[in-house]
Structures are given as structure tokens and as C-alpha cells.
Amino acid sequence: MNADLNSGVSGLGTLTSSFYLGVGIMQVPGGVLAAKWGPKRTVSLGILVSSIAVLGTSISSAILEVATLRFIVGAGMALVFAPSVVLMTRFLGGKSGTGVGLINSAFDIGGLFGLFGWILLATVTGWRSTLVLSGGLGLLTGLLVIALVPKDGENVQFRFSTGQLGKILSDRNLIVLGLGSLGSNLGSVLISSFMAYYLQASLAETAAIAGIVAAMIVVLPIYTSLWGGKLYDRTRKPRRLLILSGLGMTSALLVAAAPTLTAAAAGAVLGGIAVGPASTINFAAAKDLSRVEKEYEGLTIGWVNSISLTGSFWPPLVFSYFARSFNYSAAWIAGAVMCFLLLVPLLFLREEPSKFAKVS
């Protein structure tokens, strides 16, 4: 895309931030929509919106057009994650950790194709064709969800409450979980967004090598997300697990700061190990510690995800600034500092249900 759009690392930072801004600020509206309209319908709408925007990106000719469409892709994906977790947890009989782990693993399998397979495909056919394929597969997935996922069970007595919405948005535990999630997610965003470009532009590695290294941030969580979810289901003690995962992600970014292929690969591997449990436990704990009616479960997860993903729009801008103004080592270290500072709120996480908790 750099050759077509003349964007460089600054353009990459802008596109990454646009996506995370869209996916972050639409999490709460997505949770409200899921409560009123049902999780299956919300997921289907989100998949279709994001897929159409991806197809539009494939014919864009300017960085502003792509950034706008990346925002829309993010907004569509905001309607997918939290309601999908609710659906999966229901299918698994209430096992929230395992449900979130399965959803996260599925996302990571998709990321594996994007960070490795799509890179190789783009070197042969160009980046536009890969987005046509991605958008087409997304539309097919949306149709499969509409056709195959069971209908939402409607509760005729349920009435959406703005008072309950306010309690969810002001809940201390959910805010703390959102900030803790931002810490670990920040590292994953930086590695998945910049590692391949960094290896090719700064260390002169081939696209294949760069793709393999960058893909570690999504390959390993395919397993560690499930492992973290099962561990959480056994202990129901999220604070220590989240802090350990955050320290692992901080270490990964520090390791990646050494300007060698070995260090970059080690950082991506360590980051992949660390981010899986963190992303699973954060959202499972959000559901369990709030104990709201089932219609609001997507909203609690969406609120935590909103804090995490909306906050993720600025780290790529900071990273690209340091990379452009100083060097990539400074950029990776800056990422590690941001990640470490965001672990502090987790020290104040209360591992018991909120005072307003209401068992459905």
C-alpha cells in the first residue's frame, strides 16, 4: 500500500488508529443494540458492514479514503465481538472463560491468514485483490451466521433501562478491567501492526520472514486464549493472572527493541504467549463480576472492550512518531513504557461482584 498511497510508517499509524477508534467508540452502542435487538442480529449486521467497507477499501486511491473506510470497518467489527462472546457462552452452558477463549482463538486464526498468508498473496497479486478476497469471505460469513446460528431468544418482559446503562458505565471494576485490557492489547496492536513493516523497512528481511515473525502474535494466542480461559474458569481470580500477562507483554516489547531478527522474533513469541490469557480473562471477568441480566452481558463486555480499543488508537501514533523521529528501538521501548503504566489500575481490581450486581 505504501507504493500506491505514498504513506510510509506515518500512514500505517494513521490507518491503524482509524480502525481502533472506530472499533472502540462503537462498542457501547453495539452493546445497547445487542440488548435491544439481540446478539445474533447485531453480529450479522456488524459482519456485513465491515465486509462492505473492506471491499470499498480495495478501490480507494488516497490515504484519507482508506482511513475513513478503516474507521467504518472498525465500527462494524465493534458490533461483532461482545455479542459473539454472549452467544458462545450460552452455547457452552455459561462457561464464560472458555467462551471468550474460543472467540479470541477464532479471531487469531483469522489474524494468522492476514499477517502471513495475505502478505504472501499481496506480493504476487497486489494488496487490492487481498481486500477483495477478505471482503468477499466476510460477506459469506455473515450469510452463514444468518442462516445457521440459532435465533435470539426474546424476553418479552425485558425493557432497556438507561439507569442500568449508567451503572454499567460507572462501574469501577469494569473501568479497571478496560484499562488493564488496554495495557496488554497495546502491545498486541503494535506488534501486529508494525512488526512486518519494521522487519522489511529497517532490517531488510523478506516479506515471508516478516510475515512469519509478525504472525506469532496471533498464532500462539490460538492456544493461550483457550488455556487462559480454562484457568480462569477454575480460579475466578483475574487480578494476578492479568498482571502477569501484562508484565509478559511489557517484556516482549523491550526484547523487540534490540535491532535484530532474533530479538524481533522473541518479542513476537513472548507477546503472543502473554496476550492470549489477558484478552480472554478481561472479558470473562467483566461478565462475571457485573452479574447483570443476560440482555446486558454484551454491554458489559462491550464497555471493557471500548476502553481498551478506543485507547488503542493513540499508541500507533506515538509509535510511528518515535520511529520517524528517532528509531524503531526507541519506538518499541516507548510501547513497553505505556504498557507497564497501564498495569497499575489492575492493583485496584476487586475480585467480587459489583454492588449493583443482579443475578439473572
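As shown above, the structure is provided for reference.
Residues numbered from 1 in each chain as written. Predicted model: local features only at pLDDT ≥ 70, side-chain atom pairs only at ≥ 80, totals over all residues. Heavy atoms only, no water.

K.L.:
What am I meant to see in the environment of glycine 302 here?
P.N.:
Mapped onto the secondary structure, glycine 302 falls in helix H15 (residues 297-311). Judged by relative accessible area, glycine 302 falls into the buried class, the value being 0%. With 272 residues separating them in the primary sequence, glycine 302 and glycine 30 have C-alpha atoms 7.2 Å apart. Ignoring any residue separated from it by four or fewer positions in sequence, one finds glycine 302 in contact with Gln27, Val28 and Ala82. (Helix = DSSP H or I, 4+ residues; strand = E, 2+ residues; numbered from the N terminus. Buried < 20%, exposed > 50% of the residue type's maximum accessible area, 1.4 Å probe, protein only. Contact = heavy atoms within 4.5 Å.)

K.L.:
Looking at this structure, I do not really get helix H8 (residues 127-148). What am I missing?
P.N.:
The α-helix winds at 3.6 residues per turn, so residues separated by three or four positions along the chain end up facing the same way. Taking 1.5 Å of rise per residue, the 22 residues of H8 would be expected to cover 32 Å, and the 32 Å separating its terminal C-alpha atoms lies within 8% of that figure. Taken residue by residue, H8 has Trp127, Thr130, Leu131, Gly135, Gly138, Gly142 and Val145 as its buried positions. For H8, the buried positions fall inside an angular range of 135° around the axis, keeping them on one side. Among the exposed residues of H8, those oriented more than 90 degrees off its buried face are Leu143, Ala147 and Leu148. (Expected span 1.5 Å × (residues − 1). Arc of directions from axis to C-beta.)

K.L.:
Just checking my understanding: could you explain the nonpolar core for this structure?
P.N.:
Most often, soluble globular proteins have nonpolar side chains that are buried together. If you look at the biggest cluster of nonpolar residues, it comprises 38 residues, and the most contacted ones within it are Ile191, Met195, Tyr198, Leu199, Met249 and Trp332. Listing elements by their share of this core, those giving two or more residues are helix H7 (96-125), helix H10 (172-201), helix H11 (207-219), helix H13 (238-256), helix H14 (261-290), helix H16 (315-325) and helix H17 (328-341). Of the residues forming this core, the biggest block, 9 residues, is contributed by H10. With sequence-adjacent residues up to four places away left out, leucine 199 is seen in contact with Ala204, Glu205, Ala210, Val213, Leu261 and Ala264. If you look at the next biggest cluster of nonpolar residues, it comprises 35 residues, including Tyr232, Leu242, Val292 and Ile307. (Core = buried A, V, L, I, M, F, W, Y, C linked by side-chain atoms within 4.5 Å.)

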